[in-house]
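Breakdown of the fold
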Amino acid sequence: MPFVFTRLGLMMRRDFLTFIARPCLLCDQKQNHASGICGPCQNDLPWLARACPRCGIPWRHHTGAYNCFHNPPIFNHCQTAFAYDFPIKQLILEFKESGNLAAGRALATCLALRLGLASPQHPLPDLLIPVPSSWQKQRQRGYNPAALIAKDLARALNRPWTSGLIKAHPTQQDRKHQSRQQRLNDVTNPFYLNRTRAPCHIAIIDDVVTSMATANQVAAKLKAAGYHRISLWALARSLPPNTPNRSNSIDD
Ligand SMILES: [Zn+2]
Ligand SMILES: [Zn+2]
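Residues numbered from 1 in each chain as written. Chains lettered and ligands numbered in written order. Predicted model: local features only at pLDDT ≥ 70, side-chain atom pairs only at ≥ 80, totals over all residues.

**Comments concerning the sheet that holds strand β1 (residues 77–83)**
An order of β1-β6-β5-β2 is seen for the four strands of this open sheet, with the pairing classed as parallel. On the outer flanks of this sheet lie β1 and β2 (127–130), each paired with one strand and no other. Ignoring which end each strand starts from, the neighbouring axes of this sheet average 20° apart. Bridge count between β2 and strand β5 (residues 201–209): four bridges; the pairing is parallel. In the strand pairing of β5, I129 is matched with I204. The strands that helix α4 (residues 101–115) touches are β1 and β6 (229–237); relative to β6, the one it contacts most, it runs at about 130°. (Pairing = 2+ DSSP bridges. Helix = DSSP H or I, 4+ residues; strand = E, 2+ residues; numbered from the N terminus. Axes fitted to C-alpha atoms, helices over the stretch in contact; angles between N-to-C directions. Contact = placed C-beta atoms within 7 Å.)

Spelled out as structure tokens, the structure:
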């Protein structure tokens, strides 16, 4: 992807220099990639492609309850880099639960490279906003994973970001242990808009897209405030269970 590197090259040089001296995050071999993951390991990652532009589900899984045509999400566009599968799942869990910030940065760099291919139909947004973390989780971890991803993407793509536009109510429950159906049935909106600004194209940033319930709740608040063009960007997309979900080619 030479022209992507041209476009992102200057912005990513600092990340590149940070990672180039480190062994591959996955195989421990010498590597020289901006993501910190060597070429062969990158080729083995479960990249997602040929997906529905609205919900991010690959077309071959876009059936039944996973067909968004019958129940479209509130946001307008969704793009993720990977299937939430080995080893992405393990890297994201390390990033979120064990403080392995290098894993998060590596995956954010991969996502930035993918997003650098933005087409005229899907131009880059004017503002990036992370899905807010619950106060409890923020205290526990000391950071909001989505905010770190947003910060890395913003720097790589030369776009502004803010965590001040939308916030989580202090009473927000931890939704991690809820089932997909429980999330879909939960109609309470745990988020509130902290301030407003002129309508523009916003990208909501998250680590993993599962039921879309959280992103829909954030998007609902934004749309009610007059933001009409909303994208959802995430490191990974969970796919329907019990289906072969690996795709090692970005052209698949
Ligand atoms: Zn490797
Ligand atoms: Zn769809």
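**Side note on the pairing of β5**
Residues in a regular strand project their side chains so that they alternate between the two faces of the sheet. Among the nine residues of β5, eight are classified as buried, and the element is accordingly described as predominantly covered. Note: β5 against β6, eight bridges, orientation parallel. Counterpart to I202 in the pairing with β6 is I230. The β-α-β motif built from β5, the intervening helix α8 (residues 213–224) and the parallel element β6 has right-handed crossover chirality. (Buried ≥ 20, exposed ≤ 12 C-beta atoms within 10 Å, placed from the backbone. Right-handed = clockwise from strand over helix to strand, strands pointing away.)

**As for the nonpolar core**
The biggest cluster of nonpolar side chains holds 63 residues, and the ones touching the most others in it are L111, A150, L153, I204, I205, L235 and A236. Counting only elements with at least two residues in this core, the list comes to β1, α3 (88–97), α4, β2, α6 (145–157), β5, α8 and β6. When residues of this core are assigned to their parent elements, the largest contribution, nine residues, is made by α4. Setting aside residues no more than four positions away along its own chain, L111 makes contact with A81, L153, W233 and L235. (Core = buried A, V, L, I, M, F, W, Y, C linked by C-beta atoms within 7 Å.)

**Observations regarding the environment of I204**
As for its placement among the helices and strands, I204 is situated in strand β5. As a C-alpha pair, I204 and F75 span 129 residues in sequence and 8.9 Å in three-dimensional space.

**A look at unusual backbone geometry**
Here the bond from F86 into P87 is cis, since omega is -5°, no more than 30 degrees from zero. Of note, P87 is situated in the loop between β1 and α3. Even without being glycine, N158 reaches a positive phi, approximately 55°. As for its placement among the helices and strands, N158 is situated in the loop between α6 and β3 (166–168). Although it is not a glycine, M212 sits at a positive phi angle of roughly 75°. Mapped onto the fold, M212 is located in the loop between β5 and α8. For M212, a count of 24 C-beta atoms within 10 Å gives the class buried.

**Topic: α6**
The end-to-end C-alpha distance of α6 is 18 Å, a good match for the 18 Å that 13 residues give at a rise of 1.5 Å each. For α6, a buried count of 10 out of 13 residues is recorded, marking the element as mostly surrounded by other parts of the structure. Turning to α6, its buried residues are P145, A146, A147, I149, A150, D152, L153, A154, A156 and L157. (Expected span 1.5 Å × (residues − 1).)

**Structural notes on the confidence of the model for the protein chain**
Confidence along the protein chain averages 83 in pLDDT terms, with 77% of residues attaining 70 or more. Looking at the elements of the protein chain, mean pLDDT is at its lowest for helix α1 (residues 2–20), recorded as 48, and at its highest for β6, recorded as 97. Under a pLDDT of 50 for its full length, residues 1–7 has, in the predicted model, five contacts with residues more than four places off or in other chains. Low pLDDT, under 50, characterises residues 245–252; the stretch is placed with 22 contacts to residues that sit more than four places away or in other chains. (pLDDT = per-residue confidence, 0-100.)

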